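# Observations on the three-dimensional arrangement
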Amino acid sequence: MRVLFWGTPSYAVPTLDALNDSGYEIVGVVSQPDRRRGRGNQQMASPVKQRAMDQGLRVFTPERIRDEGDIQAELKSLKADISVVVAFGQLLPSTVLNQPPLGCWNGHASLLPRWRGAGPIQWSLLSGDSVTGVGIMAMEEGLDTGPVLVQERVAIGLLENANQLSNRLSSITAKLFLESMPRIAAAGPGVESERWKQLEVIKQEEIEGDPTYARMLSKKDHILDWNQSAMDLHRRVMGLYPNAFSSWNNKRLKVQATEPLDEELKSKLSEEVRPLLGRWQDGEHEPGKILACESDLGLVVSTKTCPLLIRQGQLEGKSKALGEVLIQQLQATVGQGLGVGFNI
């Protein structure tokens, strides 16, 4: 089977590797153009483009595929049987969707129709979803509106951040594509509606739950407001890992690992953190104040509800630090406050 692969971030790399290792003929790889990334703000290839080049594959990097007829024509000349799309980052026009005879199929990191659009992993964490998953979806012109071929559900751990969840879901995406490709091939080309019927895809309107949309995140979304509940703050830290931030003595402090000190969550907290439960009355202190500096664990900070333990952080100009090292870097003491005196 001749495959045209579309993808950009590291999330998509395992699927590209799996298809390549399984003997599928990758006739081309389409990825977003090189962008300025990292501390040096240097022009860098996307993870997918870099892996494709390492494998000697032909790469295309359209700025906006919808408007680039010359690249569309080049892609058509590759005569791919199928397009596999994983986190490419642009909507594909009908002129592209209609090219491969076996269709365009997308690996989407949510349980559709929940969290259509960009950032489904982040939004599942930000919203406190207990489960999420991956779906393989037949693509159409709408934003993640196509029928679903297969989905796999996974539970989300309380202490799981966006990077950890992404790694799990990316592996599942690769696995589901390997399982789905023979089915898609067996259905063969032909009228789209007939192929979908043969594949027994499920229209999203028939799946329980209303559609929700994962909007693009802004810088303001990353700011921690200590007047919120500990659980809301924790979800923001996990969902926006590693870039949720507050302020500390007029510097930016990225907060990268937390645990809400809630008795009801005891079984889900780290074992070494559980002795801290019950030491402080919920909501009795001004939000954002340091209640304790626990040398082996980190900073205990007051919120609107129960305290929040900051286990890992990264102060502006410093490397990320845990527990006692973090306390030493901040030179933190009980009674000091976060989130004050800083102009975002």
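Along each chain, numbering runs from 1 in the same order as the chain's sequence is written. The model is predicted, so local features are restricted to residues of pLDDT at least 70 and side-chain atom pairs to those at 80 or more, both for listing and for counting; the totals for chains, interfaces and linings are taken over all residues. Values shown for side chains rest on all heavy atoms present in the structure; no hydrogens or waters enter the calculation.

Moving on, we come to the side chain of Ser-110. Helix numbers and strand numbers start at the N terminus; a helix is a DSSP run of H or I with at least 4 residues, a strand a run of E with at least 2. Tracing the backbone through its elements, the reader meets Ser-110 in the loop between β7 (104-108) and α5 (120-126). In what follows, residue pairs with any heavy atoms lying within 4.5 Å of each other are defined as contacts. Leaving out residues up to four positions away in the same chain, Ser-110 has contacts with Trp-115, Pro-120, Thr-132, Gly-133, Val-134, Gly-135 and Gln-151.

The next subject is the pairing of strand β13 (residues 298-301). Strands pair, by our definition, only if DSSP identifies at least two bridges between them. With 4 bridges connecting them, strand β12 (residues 290-294) and β13 associate as antiparallel partners. In the sheet register, Glu-294 faces β13, and the bridge partner there is Gly-298. Connecting β12 to the next strand, β13, in antiparallel fashion are 3 residues. Summarising the sheet, β13 and strand β14 (residues 308-315) pair through 3 bridges and their orientation is antiparallel. Counted as the bridge partner of Val-300 is Leu-309 from β14. In sequence, β13 turns back onto β14 through a hairpin of 6 residues.

The next point concerns the packing of helix α1 (residues 13-21) against helix α2 (residues 47-54). If you want to describe how two helices pack, look at the angle between their axes and the distance between the axes. Structural elements are reduced to axes, namely lines fitted to C-alpha atoms, with helices fitted over the stretch in contact, and the angle between N-to-C directions of any two is expressed from 0 to 180 degrees. Following both chains from N to C, one finds α1 and α2 inclined at 25°, their axes separated by 9 Å at the closest point. As judged from the angle between their axes, α1 and α2 are roughly parallel. Remark: the crossing between α1 and α2 carries right-handed chirality. Contacts between α1 and α2 involve Val-13, Leu-16 and Asp-17 from the first element and Pro-47, Val-48, Arg-51 and Ala-52 from the second. Throughout, the ten residues Ala, Val, Leu, Ile, Met, Phe, Trp, Tyr, Cys and Pro are labelled nonpolar, Asp, Glu, Lys and Arg are labelled charged, and all others, Gly among them, are labelled polar. Partitioning the contact of α1 with α2 into residue classes produces 5 nonpolar, no polar and 2 charged. In what follows, roughly perpendicular refers to angles from 65 to 115 degrees, roughly parallel to angles under 35, roughly antiparallel to angles over 145, and oblique to any angle outside these ranges. We call a crossing left-handed when the near helix sits turned anticlockwise from the far one by less than a right angle, and right-handed when that turn is clockwise.

Spatial strand order, β5-β2-β1-β6-β7-β8-β9: 7 strands in an open sheet with mixed pairing. Single-partner strands in this sheet number two, and they are β5 (59-60) and β9 (148-155). Relative to β9, strand β8 (residues 131-138) is paired through 7 bridges, and the arrangement is antiparallel. Looking at β9, one finds that Ile-136 is bridged to Val-150. Relative to the sheet, helix α6 (residues 162-187) contacts β1 (2-7), β6 (82-86), β7, β8 and β9, its axis offset from that of β9 by approximately 150°.

Pairing of aromatic rings covers Phe, Tyr and Trp, the last counted by its six-membered ring, and requires centre-to-centre distances within 6.5 Å; plane angles under 30 degrees mean stacked, over 60 mean edge-to-face, and any other angle means tilted. Summed over the entire model, instances satisfying the criterion amount to 2 aromatic pairs. Centroid distance Trp-6 to Phe-88: 5.2 Å. Interplanar angle 80°. Geometry classified as edge-to-face. Of this pair, Trp-6 sits in strand β1 while Phe-88 sits in the loop between β6 and α4 (94-97), and the two are 82 residues apart along the sequence. You'll find Trp-6 and Phe-88 in the same group, each marked buried. The buried label goes to any residue with under 20% of its type's maximum accessible area, the exposed label to any with over 50%, and the partly exposed label to all in between, with areas taken from a 1.4 Å probe on protein chains only.

A few words on a negative patch on the surface. Excluding any residue in a salt bridge, patches collect residues exceeding 30% relative accessible area, merging like charges within 9 Å and nonpolar Val, Leu, Ile, Met, Phe, Trp and Tyr side chains within 5 Å. Areas reported here follow the Shrake-Rupley algorithm with a probe of radius 1.4 Å; residue values treat only the protein chains shown as occluding. Every case where a carboxyl oxygen of Asp or Glu lies within 4 Å of a side-chain nitrogen of Lys or Arg is listed as a salt bridge. In this tally Asp and Glu are treated as negative and Lys and Arg as positive; neither His nor the chain ends contributes. Each charge is placed at NZ for Lys, CZ for Arg, CG for Asp and CD for Glu. Together, Glu-140, Glu-141, Glu-192, Glu-205 and Glu-206 make up a negatively charged patch on the protein surface. Locating Glu-205 in the fold gives a position in the loop between α7 (192-199) and α8 (230-239).

Let's shift gears to α8. Extensive coverage of α8 is indicated by the burial of 7 of its 10 residues. Among the residues of α8, Ala-230, Leu-233, His-234, Arg-236, Val-237, Met-238 and Gly-239 are the ones counted as buried. Residues of α8 that are buried sit in contact with α5, α6, β11 (251-260) and β14.

It is worth spelling out the environment of Thr-303 at this point. Mapped onto the elements of the fold, Thr-303 is located in the loop between β13 and β14. In this structure the C-alpha to C-alpha distance between Thr-303 and Trp-226, which are 77 residues apart in sequence, comes to 5.4 Å. For the purposes of these results, a polar contact is taken to be a pair of N or O atoms within 3.5 Å, where, inside protein, one atom must be able to donate a hydrogen and its partner to accept one; residues adjacent in sequence count only when each atom of the pair is a side-chain atom. Within polar-contact distance, the side chain of Thr-303 engages the backbone nitrogen of Thr-305 at 3.0 Å. A polar atom in the side chain of Thr-303 sits 2.6 Å from the backbone oxygen of Cys-306.

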